[in-house]
Amino acid sequence: MKVLRLRPGKERSLQRRHPWVFESAIAKGGGDAGETVRIESSDGKFLAWAAFSPDSKIRARAWSFDEKQRIDAAFFGARVASAVEARSLFDLRSDGVRLVHGEADGLPGLIVDRYGDTLVAQFLSTGVERWKGVLADALLAATGLGKLYERSDASGREREGLAPVTGWLRGSGETELTIREHEWRLSLDIATGHKTGFYLDQRDSRRRFAELAARRRFRRVLNCFCYTGGFTVAALAGLKAAGAVSGAELISIDSSLPALERARAHLVLNGFDDAQAQFLDADVNASLRRFVDEGRTFDAIVLDPPKFAPTVAHAERAARAYKDLNRQAFKLLARGGHLLTFSCSGGIGADLFHKIVASAGIDAGVDGYITERLGAAPDHPMTIEFPEGEYLKGLVVVRK
């Protein structure tokens, strides 16, 4: 077994069961891509078994902190089965579910979502890439399903020195699917959709928006970076429950015409007239500025932009982008209006995001109450050992 020896004092994070070892922490040793290595402290004490990644700044990702553990097919079968079983702990009102969430489930670099009878997986590190076949078989065994589609085309693979890979890994079938979320139906294409095909992590936030729409009876709603219109469907569902759909104005903006076409189809799929919402194929920043110039206001605004800061190194530039978006949104928010603002950037922590939004409100001359903090649905868990798992941050701000 190959050994990685750490520099003095660099063992503390592993002793706290944090699964990452950075290049700068290693004194000597190495291995092949994805190979299991033994990690030792500077005085030779065992710390963890880990997968080695020669091209990544995260040079090793821990599989286990138990020296007696064997890293083999049985190990991965047990880890997958445990992750799948854990989802029964959560109230997941959907047949679209995150089954494996990387480090949180002890499988760094592996993302697996279930859409009905189909699994979609992303193998984003050299460790899970090396064990791909074993993991694929374990996933089918744990779920009893026969179809697994691979969407290993995220930017994380490039940082691991891996080329993108997509296509059927086990079985075959249609890539166009429809799932149930709460009482709604939403469609996706696992071959072309964002991430594994859909943003399952916003499931609970969409439900919360529907509840707010029903209680507050929003008359003017603006959904920015709407993608396929999940928050738009939620708003209409809430307004319908309150008997307040008639006369409501809903505007959804995205720069992807195919996404907007699917968003429009989602209205029809859920029993709404597609004329009940307006869909703009436009740049969000430019649209917000135009609405400000026109003197428009909205009772509810959703800001759910793409990832501006995948790592801390991108945080400063991303902070400026987030601030500008939120400043314009605050200018458009009616008194008593609700702003749901999100960041899915791992490089932007919850405290920093709060400061960015606060600064945007100050610059816009707007004061507000933070009434709720939102995050990813519980099938995208953050663990006590791995706080970096809190990638999705959301605030509900009510303008005073």
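Residues numbered from 1 in each chain as written. Predicted model: local features only at pLDDT ≥ 70, side-chain atom pairs only at ≥ 80, totals over all residues. Heavy atoms only, no water.

Asker: Hey, could you run me through the pairing of strand 8 (residues 110-115) in this one?
Answerer: When a strand is regular, its side chains alternate between the sheet's two faces. Counting buried residues in strand 8 gives five out of six residues, a clear majority hidden from the surface. Taken together, the six bridges between strand 8 and strand 9 (residues 118-123) define a ladder with antiparallel strand orientation. Each residue of the ladder has a partner; that of Ile-111, found in strand 9, is Gln-122. Connecting strand 8 to the antiparallel partner strand 9 that follows it, the hairpin turn spans two residues, and Gly-116 within it adopts a positive phi of roughly 65°. (Buried < 20%, exposed > 50% of the residue type's maximum accessible area, 1.4 Å probe, protein only. Helix = DSSP H or I, 4+ residues; strand = E, 2+ residues; numbered from the N terminus. Pairing = 2+ DSSP bridges.)

Asker: Hey, could you run me through the sheet that holds strand 3 (residues 26-28) in this one?
Answerer: Think of a sheet as strands paired side by side through backbone hydrogen bonds, with each pair either parallel or antiparallel. One open sheet accounts for six strands, arranged 2-6-5-4-1-3; its pairing is mixed. Each edge of the open sheet carries a strand with a single partner, namely strand 2 (20-22) and strand 3. Geometrically, the sheet is characterised by an average inter-axis angle of 40° between neighbouring strands, direction not taken into account. Taken together, the two bridges between strand 1 (residues 3-6) and strand 3 define a ladder with antiparallel strand orientation. By the bridge assignment, Leu-6 is partnered in strand 3 with Ile-26. (Axes fitted to C-alpha atoms, helices over the stretch in contact; angles between N-to-C directions.)

Asker: Please clarify how the sheet that holds strand 18 (residues 333-343) should be interpreted in this entry.
Answerer: Spatial strand order, 16-15-14-17-18-20-19: seven strands in an open sheet with mixed pairing. Either end of the sheet is taken by a strand with one partner, and the two such strands are strand 16 (278-281) and strand 19 (368-375). For this sheet the average axis-to-axis angle between neighbouring strands, irrespective of direction, equals 15°. Where helix 11 (residues 350-364) meets the sheet, its contacts fall on strand 18, strand 19 and strand 20 (393-399), and the angle it forms with strand 20 comes to roughly 30°. (Contact = heavy atoms within 4.5 Å.)

Asker: Is there a simple way to think about the pattern of salt bridges in this case?
Answerer: A side chain of one charge can pair with a side chain of the opposite charge when the charged atoms of the two come close. Overall, the coordinates contain 35 salt bridges when judged by the stated rule. Where Arg-61 meets Glu-103, a salt bridge forms, and the shortest distance between an N and an O atom there is 4.0 Å. With Arg-61 in strand 6 (residues 58-64) and Glu-103 in the loop between strand 7 (96-101) and strand 8, this residue pair connects regions lying 42 residues apart in the sequence. A residue is classified by how much of its surface remains accessible, and Arg-61, at 12% relative accessible area, is buried. Between Asp-324 and Arg-289 there is a salt bridge; the shortest N-O distance is 2.6 Å. In this pair, Asp-324 is assigned in helix 10 (residues 315-332) and Arg-289 in helix 9 (residues 284-293), connecting sequence segments 35 residues apart. Looking at Asp-324, the relative accessible area reads 13%, which means it is buried. The partly exposed category is assigned to Arg-289, whose relative accessible area is 34%. Here the salt bridges do not stand alone but share partners, grouping Glu-183, Arg-207, Arg-208, Glu-211 and Glu-372 into one network. (Salt bridge = Lys/Arg side-chain N within 4 Å of Asp/Glu carboxyl O.)

Asker: In this structure, what is going on with the packing of aromatic side chains? I would like to understand it.
Answerer: Under the defined criterion, the tally for this structure stands at 15 aromatic pairs. When the ring of Phe-291 is compared with that of Phe-298, the centres are 5.7 Å apart and the planes differ by 55°; the resulting orientation is tilted. Here Phe-291 falls in the buried class, since its relative accessible area comes to 1%. Judged by relative accessible area, which is 0%, Phe-298 ranks as buried. A connected cluster of aromatic rings, assembled from ring pairs, spans Trp-63, Phe-75, Phe-76 and Trp-131. Directly above the ring of Phe-123 sits Lys-132, whose terminal nitrogen or CZ lies 5.4 Å from the centroid. The aromatic ring of Phe-291 is capped on one face by Arg-296, whose charged end is 4.9 Å from the ring centroid. (Phe/Tyr/Trp six-rings, centres within 6.5 Å; stacked < 30°, edge-to-face > 60°. Lys NZ or Arg CZ within 6 Å of the ring centre and 35° of its normal.)

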